[in-house]
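# Analysis of the macromolecular model
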Amino acid sequence: MSIDQDLKIAVILGSTRTGRFGPVVADWLLGHLVAREDMTADLVDLAATPLPTVFPSFGGELPPSEAELLAAVSPRLAAADAFVFVTPEYNHSFPAPLKNAIDWHNQQWHGKPIGFVSYGGLSGGLRAVEQLRVVMAELNSVTIRNTVSFHGAAQAFDADGKPRDPAAEAAAKTLLDQLAWWAHALRDARQTRPFAA
């Protein structure tokens, strides 16, 4: 695989709440990804691709209907070179559907970088991001230092879905540039030596 091959970025939209603001944020981010020549994006919307919420016993098998739900998501995560989590903050943490999606998977996260775009009220979702860093470290992922955060998210975007603060555009570029560096480095490393958990 050439270093010049496009990086596959899975954008995981973590909120499934009715009337959620997440699609506005995700669409804006996807616009940045589409504009890049080095990345292709796959939006994994957890509202559109719900996962089972009851885990089988260790060694147990999933019923076919639940295995089908998992099959709509798992191969897409496995194919990704890197991830961006788009997440709100619920009660100083991140949404349960996002944790559920994380916990259904393991090797799909190993040795891959993760960026964060968060949104919310006064904190802009940053407390959710800090908790996600701890969770993803347990799954052998590398989290990107720089984030994009929208405080008072509903007022931070105009009617066309564009951020009112032009600094958001520069922040997105910095995040994706760093994500690209880590994604190339870790993809090359995984190809040279398979990741050992």
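For the structure, see preceding data.
My aim in this report is to walk through the structure given alongside it, one point at a time. Note that the structure is a prediction, hence the values are computed from the model and not measured. (Residues numbered from 1 in each chain as written. Predicted model: local features only at pLDDT ≥ 70, side-chain atom pairs only at ≥ 80, totals over all residues. Heavy atoms only, no water.)

## Some remarks on the pattern of salt bridges
Tallying each qualifying case throughout the model produces 10 salt bridges. The salt bridge partner of Asp-177 is Arg-36, with a shortest N-O separation of 2.9 Å. Of this pair, Asp-177 sits in helix α7 (residues 167-192) while Arg-36 sits in the loop between α1 (22-35) and β2 (39-45), and the two are 141 residues apart along the sequence. With a relative accessible area of 31%, Asp-177 lands in the partly exposed category. Notably, a salt bridge pairs Arg-127 with Glu-89, separated by 2.6 Å at the nearest N-O pair. On the criterion of sequence distance, the pair formed by Arg-127 in helix α5 (residues 126-138) and Glu-89 in the loop between β3 (82-88) and α4 (96-103) is long-range, its members being 38 residues apart. (Salt bridge = Lys/Arg side-chain N within 4 Å of Asp/Glu carboxyl O. Helix = DSSP H or I, 4+ residues; strand = E, 2+ residues; numbered from the N terminus. Buried < 20%, exposed > 50% of the residue type's maximum accessible area, 1.4 Å probe, protein only.)

## Describing the side chain of Ser-93
By the element assignment, Ser-93 lies in the loop between β3 and α4. Given the relative accessible area of 16%, Ser-93 is considered buried. Only 2.8 Å separates the side chain of Ser-93 from the side chain of Gln-131, close enough to count as a polar contact. When residues no more than four places from it in sequence are discounted, the contact partners of Ser-93 are Pro-88, Ala-128 and Gln-131. (Polar contact = N/O pair within 3.5 Å; in protein donor to acceptor, adjacent residues only side chain to side chain. Contact = heavy atoms within 4.5 Å.)

## What to know about unusual backbone geometry
Of note, the phi angle at His-92 is positive, near 65°, even though the residue is not glycine. Relative to the elements of secondary structure, His-92 occurs in the loop between β3 and α4. Residue class for His-92 comes out partly exposed when judged on its relative accessible area of 45%.

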